[in-house]
Amino acid sequence: MHITANLLFRDTINFFKLKRSTIIIFILLSSSLTLTIDSIITPNIKFTFDLNQLNIDKYYSVLNFFKTLNLDQQKMLLLSSITRSFSLLIGNTLLLGNLIKFIQNTSCNKLTNFFASNNLSFRLFFRLMQLIFITTFITQLGFLSFVIPGMIFFIFFSLSPIILITENKTVFDSIYLSTKIIFQHFKIIIPAITFWLCLKVLIILIISHIKILSEYTELFILNLCMNFISSILIIYLFRFYMLFSKNQK
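Description of the structure in this document. (Residues numbered from 1 in each chain as written. Predicted model: local features only at pLDDT ≥ 70, side-chain atom pairs only at ≥ 80, totals over all residues. Heavy atoms only, no water.)

**Brief notes about the overall build of the protein**
Here's step 1: Helix and strand content of the protein: 11 helices and 0 strands.
Here's step 2: The linear arrangement of helices and strands in the protein, starting from the amino end, is α-α-α-α-α-α-α-α-α-α-α.
Here's step 3: Burial status across the protein gives 42% buried among its 249 residues.
Here's step 4: If you take every contact in the protein between residues at least 6 apart in sequence, the share linking residues at least 24 apart comes to 74%.
Here's step 5: For the protein, the accessible surface area stands at approximately 14300 Å², while carbon and sulfur atoms represent 67% of it. (Helix = DSSP H or I, 4+ residues; strand = E, 2+ residues; numbered from the N terminus. Buried < 20%, exposed > 50% of the residue type's maximum accessible area, 1.4 Å probe, protein only. Contact = heavy atoms within 4.5 Å. Areas by Shrake-Rupley, 256 points an atom, 1.4 Å probe, with all protein chains shown as cover.)

Have a look at this one:
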């Protein structure tokens, strides 16, 4: 079967329409967990929010801005960034794991309600969390050096969570297979990820300019929007991988 971006997009929309209730529950659960963990372990969160009110644009880079802070502020900002990254890691792992299992069960005509899909084992959850941590770390290094390398890394790693769960591969085998498959079908994957990235930037810009929301409300809405578009992307990628696997048989 010939795979096209238009075909995958139509399949993605149809799947979301049919299973939107369960998918929305996954999104709400992940966003709520992320915000809960963040509010519990992030120290002196008000200081972090106050940084948003500063005119950071006048500095040449984030590193340049970081050097202007005193030692206590630097420690606070660093610890806050680490804990916030940890809460996002847990939330993203839960969303990806449950959503991929849900799509897999649906494709195999198994039970597809929320409770049947929300059954990730600790071992699988931990492996998926390792995978997301490694790929996110490499991707962020790429974005820090220049935008293009970060985007390329993200594209090549995008199938790795699906391969890890559906094929029960190791973390590095999943990354390798994802890179190999994407290299052969780069033109099919890049439109979806480019659209996802542009939409992500647009949402951040819109929410950052809404001043009437409280900080926690702003974070929650931002997480909801990010998880929503990430869910659409995962459905698209899973559908691609399913058709790719069929064509290999």
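**What to know about helix α8 (residues 160-167)**
Here's step 1: Burial of α8 is extensive: 6 of the 8 residues sit out of reach of the surface.
Here's step 2: All buried positions along α8 are accounted for by Ser160, Pro161, Ile162, Ile163, Leu164 and Ile165.
Here's step 3: Following α8 by one or two positions, asparagine 168 has its phi on the positive side, about 55 degrees.

**Quick word on the layout of surface pockets**
Here's step 1: In this structure, the second largest pocket spans a volume of roughly 280 Å³.
Here's step 2: Lining the second largest pocket are 14 residues, with Phe9, Ala192, Phe195, Ile232 and Leu233 sitting closest to its centre.
Here's step 3: Every element with two or more residues in the lining of the second largest pocket is listed here: α1 (5-41), α10 (186-208) and α11 (215-248).
Here's step 4: Counted by class, the lining of the second largest pocket contains 13 nonpolar, 1 polar and no charged residues. (1 Å grid on protein atoms, 1.4 Å probe; cavity = no way out; pocket = protein on both sides within 12 Å on 5 of 7 lines; lining within 4 Å. Points joined across faces, edges and corners; volume = space filled by probe spheres on them. Nonpolar A, V, L, I, M, F, W, Y, C, P; charged D, E, K, R; others polar.)

**Thoughts on the pattern of salt bridges**
Here's step 1: Enumeration over the complete set of coordinates arrives at 1 salt bridge.
Here's step 2: Put simply, arginine 239 and aspartate 11 hold a salt bridge, and the shortest N to O gap is 2.6 Å. Separated by 228 residues along the polypeptide, arginine 239 in helix α11 and aspartate 11 in helix α1 bring together distant segments of the chain.
Here's step 3: For arginine 239, a relative accessible area of 21% gives the class partly exposed. (Salt bridge = Lys/Arg side-chain N within 4 Å of Asp/Glu carboxyl O.)

**A few points about the nonpolar core**
Here's step 1: By size, the foremost hydrophobic cluster in this structure holds 57 residues, and its most contacted members are Ile23, Ile103, Leu159 and Phe240.
Here's step 2: For this core, the secondary-structure elements that each account for two or more residues are α1, α4 (71-107), α6 (122-145), α7 (147-157), α8, α9 (171-184), α10 and α11.
Here's step 3: Looking at which element gives the most residues to this core, the answer is α11, with 12 residues.
Here's step 4: Excluding residues that lie within four positions of it along the chain, phenylalanine 240 makes contacts with Ile3, Leu8, Leu159, Ile181, His185, Ile188 and Ile189. (Core = buried A, V, L, I, M, F, W, Y, C linked by side-chain atoms within 4.5 Å.)

**Considering the packing of α8 against α11**
Here's step 1: Contact pair α8 / α11: the axes reach a minimum separation of 10 Å and the direction vectors enclose 60 degrees. It follows that α8 is oblique to α11 by the angle criterion. The way α8 lies across α11 gives a crossing that is right-handed. For the pair α8 and α11, contact is made by Ile162, Ile163, Thr166 and Glu167 and by Ile234, Leu237, Phe238 and Tyr241, respectively.
Here's step 2: Looking at the contact of α8 with α11 residue by residue, the class counts come to 6 nonpolar, 1 polar and 1 charged. (Axes fitted to C-alpha atoms, helices over the stretch in contact; angles between N-to-C directions. Parallel < 35°, antiparallel > 145°, perpendicular 65-115°, else oblique. Left-handed = near helix turned anticlockwise from the far one by under 90°.)

**Some remarks on the side chain of arginine 127**
Here's step 1: Position of arginine 127 among the secondary structure elements: in helix α6.
Here's step 2: Although arginine 127 is buried, it forms no salt bridge, and the closest oppositely charged side chain is aspartate 173 at an N-O distance of 8.3 Å. (Lys, Arg positive; Asp, Glu negative; His and termini not counted.)

Such coordinate-based values are descriptive only and should not be taken to indicate function.
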